[in-house]
Amino acid sequence: MLYPGRFLEPSDIVMLARVCATVCEQRGVPVASRAGERTAAHVLKLFLNGLTGENELIDAEKNWARGSDLAFEGAPVSYENKREAA
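### Comments concerning the environment of Phe-47
Piece 1. Mapped onto the elements of the fold, Phe-47 is located in helix 2 (residues 34–48).
Piece 2. What makes Phe-47 buried here is its relative accessible area of 2%.
Piece 3. Distance in space between the C-alpha atoms of Phe-47 and Asp-12 is 9.2 Å, their sequence separation being 35 residues.

This is how it looks when you write it as structure tokens:
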């Protein structure tokens, strides 16, 4: 976890890049894409909140993605209040 006055070490940056590359490869998305950027931002957020191990970051990212995918799959869709386009 980063505390005030502490900064990311080069080894932290290398590890975070490796985690992002691994997660993006597992998902089949390019690192240099919008989905890759979202992954990188989330991995950094997890790291800044105290998850500092490579494997725990990968596992947490898998769980987060699974939860966000399921949230959309189970969402009910209703068209009863649909308006016609002008």
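Read on for the rest.
### Some details on the pattern of salt bridges
Piece 1. For the structure on display, the rule yields 2 salt bridges.
Piece 2. For Arg-18, the salt bridge identified is with Glu-54, shortest N-O distance 3.0 Å. Taken together, the residues Arg-18 in helix 1 (residues 10–27) and Glu-54 in helix 3 (residues 54–73) connect sequence positions 36 residues apart.
Piece 3. Of the charged contacts in the structure, one is a salt bridge between Arg-27 and Glu-61, with a shortest N-O distance of 3.1 Å. Of this pair, Arg-27 sits in helix 1 while Glu-61 is found in helix 3, placing the two residues 34 residues apart along the sequence.

### What about the confidence of the model for the chain?
Piece 1. Considering every residue of the chain, the mean pLDDT works out to 81; 71% of them sit at 70 or more.
Piece 2. Within the chain, the element-level pLDDT minimum falls on helix 3, averaging 75, and the maximum on helix 1, averaging 95.
Piece 3. This stretch, residues 70–75, has a pLDDT under 50; its non-local contacts, to residues over four places away or in other chains, come to 0 contacts.

### Details of the packing of helix 1 against helix 2
The angle between the axes and the distance between the axes are what describe a pair of packed helices.
Piece 1. Two elements in contact, helix 1 and helix 2, have axes separated by 10 Å at closest approach and are oriented at 135°. By the angle between their directions, the pair helix 1 and helix 2 is classed as oblique. As for the relative orientation of helix 1 and helix 2, their crossing is right-handed in sense. Contacts between helix 1 and helix 2 involve Asp-12, Met-15, Leu-16, Val-19, Cys-20, Val-23, Cys-24 and Arg-27 from the former and Gly-36, Thr-39, Ala-40, Val-43, Leu-44 and Phe-47 from the latter.
Piece 2. Residue composition of the contact of helix 1 with helix 2, by class: 10 nonpolar, 2 polar and 2 charged.

### Focus: the side chain of Thr-39
Piece 1. When you line up the elements, Thr-39 lands in helix 2.
Piece 2. Engagement of the side chain of Thr-39 in a polar contact is seen with the side chain of Arg-27, the distance being 3.1 Å.
Piece 3. The residues contacting Thr-39, other than those within four sequence positions of it, are Cys-20, Val-23, Cys-24, Arg-27 and Glu-61.

Cut-offs used in this document
- Residue numbers here run from 1 along each chain, matching the order of that chain's written sequence.
- Where local features are concerned, this predicted model is filtered to residues with pLDDT of at least 70; where side-chain atom pairs are given and counted, the filter is 80 or more; whole-chain, interface and lining totals use all residues.
- Think of the side-chain values as coming from all heavy atoms in the structure, minus any hydrogens and water.
- Numbering goes from the N terminus for both helices and strands, where a helix is a DSSP run of H or I of at least four residues and a strand is a run of E of at least two.
- Exposure classes here rest on a 1.4 Å probe applied to the protein chains alone. A residue is buried below 20% of its type maximum, exposed above 50%, and partly exposed in between.
- The salt bridge criterion pairs a side-chain nitrogen of Lys or Arg with a carboxyl oxygen of Asp or Glu, the two atoms within 4 Å.
- In predicted models, pLDDT denotes the confidence assigned by the predictor to each residue on a 0 to 100 scale.
- We call two residues in contact whenever any of their non-hydrogen atoms come within 4.5 Å of each other.
- Only the stretch in contact is used when a helix axis is fitted, and all axes are lines through C-alpha atoms; the angle between N-to-C directions ranges over 0 to 180 degrees.
- Here the angle decides the label: under 35 degrees means roughly parallel, over 145 means roughly antiparallel, 65 to 115 means roughly perpendicular, and every other value means oblique.
- Crossings are sorted by hand: turned counterclockwise from the far helix by less than a right angle, the near helix makes the crossing left-handed, and turned clockwise it makes it right-handed.
- Under the convention adopted here, Pro, Cys and the residues Ala, Val, Leu, Ile, Met, Phe, Trp and Tyr are nonpolar, Asp, Glu, Lys and Arg are charged, and Gly plus all remaining residues are polar.
- Throughout this description, a polar contact denotes any pair of N or O atoms lying within 3.5 Å of each other; where both atoms belong to protein, one of them has to be capable of donating a hydrogen while the other can accept it, and for residues adjacent in sequence the pair is counted only when both atoms sit in side chains.

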